[in-house]
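Structural overview for review
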Amino acid sequence: MANSKDPIGAAILDFSKNKTGDNITVHSDLCDDDILPTAYLFRTYNEMPEVEQKALDLCQGEVLEVGAGTGCHAKYLMQNNFKTFSIDTSNGSVDYMKSQNIPCQNISFLEYHNAHFDTVLILMNGLGIAGKLKNISAFLAHAKSLLNENGIILADSSDIRYLYDDNDGGKWVEFQMEYKQHKSDWFPWVYIDFETLKNEAKKVGLKATKLFENENFHYLTKLEII
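One numbering rule holds for all chains: residues counted from 1, following each sequence as written. Local features in this predicted model are restricted to residues whose pLDDT is 70 or higher, and side-chain atom pairs enter the listing and the counts only when it is 80 or higher, whereas totals over whole chains, interfaces and linings include all residues. Values reported for side chains reflect all heavy atoms of the structure, with hydrogen atoms and water molecules removed beforehand.

Let's shift gears to the overall build of the protein. Counting from the N terminus, the helices are DSSP H or I runs at least four residues long and the strands are E runs at least two residues long. Counting its regular elements, the protein contains six helices and 12 strands. Our radius of gyration is a C-alpha quantity, and the globule rule it is checked against amounts to 2.2 Å times the number of residues to the power 0.38. Whereas a compact globule of 226 residues would reach a radius of gyration of roughly 17 Å, the protein reaches 17 Å, a difference of no more than 12%. Projected onto its principal axes, the C-alpha coordinates of the protein cover approximately 45 × 45 × 30 Å. Per-residue burial for the protein yields a buried fraction of 51% across its 226 residues. Long-range contacts, defined as pairs at least 24 residues apart, comprise 61% of the intrachain contacts of the protein with a sequence gap of at least 6. Per-residue accessibility takes into account occlusion by the displayed protein chains alone, with areas from the Shrake-Rupley method and a 1.4 Å probe. Counting only carbon and sulfur atoms, one obtains 47% of the accessible surface of the protein, whose full area is about 11100 Å². Mean positive and mean negative side-chain charge positions of the protein (21 and 32 charges, respectively) differ by 4 Å. Here's how the labels work: a residue is buried when its accessible area is under 20% of the maximum for its type, exposed when over 50%, partly exposed in between, all with a 1.4 Å probe on protein chains only. Residue contacts are counted whenever heavy atoms from the two residues lie within 4.5 Å of one another. Under the counting rule used here, the positive set is Lys and Arg, the negative set is Asp and Glu, and His together with the chain ends is not counted. Think of each charge as sitting on NZ of Lys, CZ of Arg, CG of Asp or CD of Glu.

Structure, rendered in structure tokens:
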């Protein structure tokens, strides 16, 4: 059940019951409020942006999805005979995934241990989960610790250096999510350019390869153990 600080979970549970609902409002310290349509969280493969489709097409073996939301990526993979496990810190998200028979757990990424996967999938600007640039190396090292031999990490971010004159390769933005009476705490979300990511990955024994980048500088990367 979603609590008062779980707007994403509350929106997911409402929409799953009624197939309609209010949009999620995204507040930030960077720009004006934005709107996240709740229906978008339930997108199918054909409704996903190209960066997500390419990531799903490249998944191999057993897959861990980090920050899974509704589990829409895991659902597609399961339909294509992949074994998956999903984690999220949203109570409502996990309740919904359980109702859809998607294997999952309510736990933060850095607290998740003692399992290994062939693919660690971190989408929706998923590298932002690290919070700030200074945390990226530890974040990547933890992802590496969850890999089987020859495993890969598929993750995405956006290069937003063009917005700043003094950007050092990564910029965190403070966000707050709001849905009806549910409002999250403010939280940092980092955006990191690929060259900086590649250098940070190398520090922890990972090789980063850029697989795709769209016109908005949103890119997909594959990370492999060196």
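Picking up where we left off.
On to the environment of proline 103. In this fold, proline 103 is placed in the loop between α4 (91–99) and β5 (104–106). Judged by its relative accessible area of 36%, proline 103 is partly exposed. In contact with proline 103, other than residues within four places in its own chain, are Met78, Thr84, Phe85 and Ser86.

For asparagine 114, which is not a glycine, the phi torsion comes out positive at approximately 60°. You can call asparagine 114 exposed: its relative accessible area is 80%. A positive phi angle, near 65°, is found at methionine 124, a position not held by glycine. A relative accessible area of 36% places methionine 124 in the partly exposed class.

Among the six residues in strand β6 (residues 117–122), five count as buried, and that is most of the element. By the bridge criterion, three bridges tie strand β3 (residues 63–66) to β6 in an arrangement that is parallel. Its bridge partner being in β6, glutamate 65 is matched across the sheet by leucine 121. In this structure, β6 lies alongside strand β7 (residues 147–158), joined through five bridges in parallel fashion. Note on β7: the bridge partner recorded for phenylalanine 117 is leucine 147. By definition, the crossover connecting two strands over a helix is right-handed if that path, from the first strand to the second, turns clockwise as seen with the strands pointing away from the viewer. In terms of handedness, the path from β6 via helix α5 (residues 136–145) over to β7 forms a crossover that is right-handed. The criterion for strand pairing is that DSSP finds at least two bridges linking the strands in question.

Before going further, it helps to examine the environment of cysteine 72. One can find cysteine 72 in helix α3 (residues 72–79). Residue cysteine 72 is classed as buried on the basis of its relative accessible area, which comes to 10%. In this structure the C-alpha to C-alpha distance between cysteine 72 and isoleucine 102, which are 30 residues apart in sequence, comes to 9.6 Å. Sequence-distant contacts of cysteine 72, that is, excluding residues within four places in its chain, are made with Leu41, Arg43 and Met48.

Before going further, it helps to spend a moment on the packing of aromatic side chains. Centre distance within 6.5 Å is the pairing criterion for rings of Phe, Tyr and Trp, where only the six-membered ring of Trp is used; planes under 30 degrees apart are then read as stacked, over 60 as edge-to-face, and the remainder as tilted. Here the structure, examined in full by the defined rule, presents nine aromatic pairs. With centroids separated by 4.8 Å and ring planes inclined at 35°, the aromatic side chains of phenylalanine 15 and phenylalanine 42 adopt a geometry described as tilted. In this pair, phenylalanine 15 is assigned in helix α1 (residues 7–18) and phenylalanine 42 in the loop between β2 (34–36) and α2 (50–58), connecting sequence segments 27 residues apart. Of the two residues, phenylalanine 15 and phenylalanine 42, both sit in the buried class. Taking 4.9 Å as the distance between ring centres and 50° as the angle between the ring planes, the aromatic pair formed by phenylalanine 109 and phenylalanine 139 counts as tilted. Of this pair, phenylalanine 109 sits in the loop between β5 and β6 while phenylalanine 139 sits in helix α5, and the two are 30 residues apart along the sequence. Per residue, the accessibility class of phenylalanine 109 equals that of phenylalanine 139, and both read buried.

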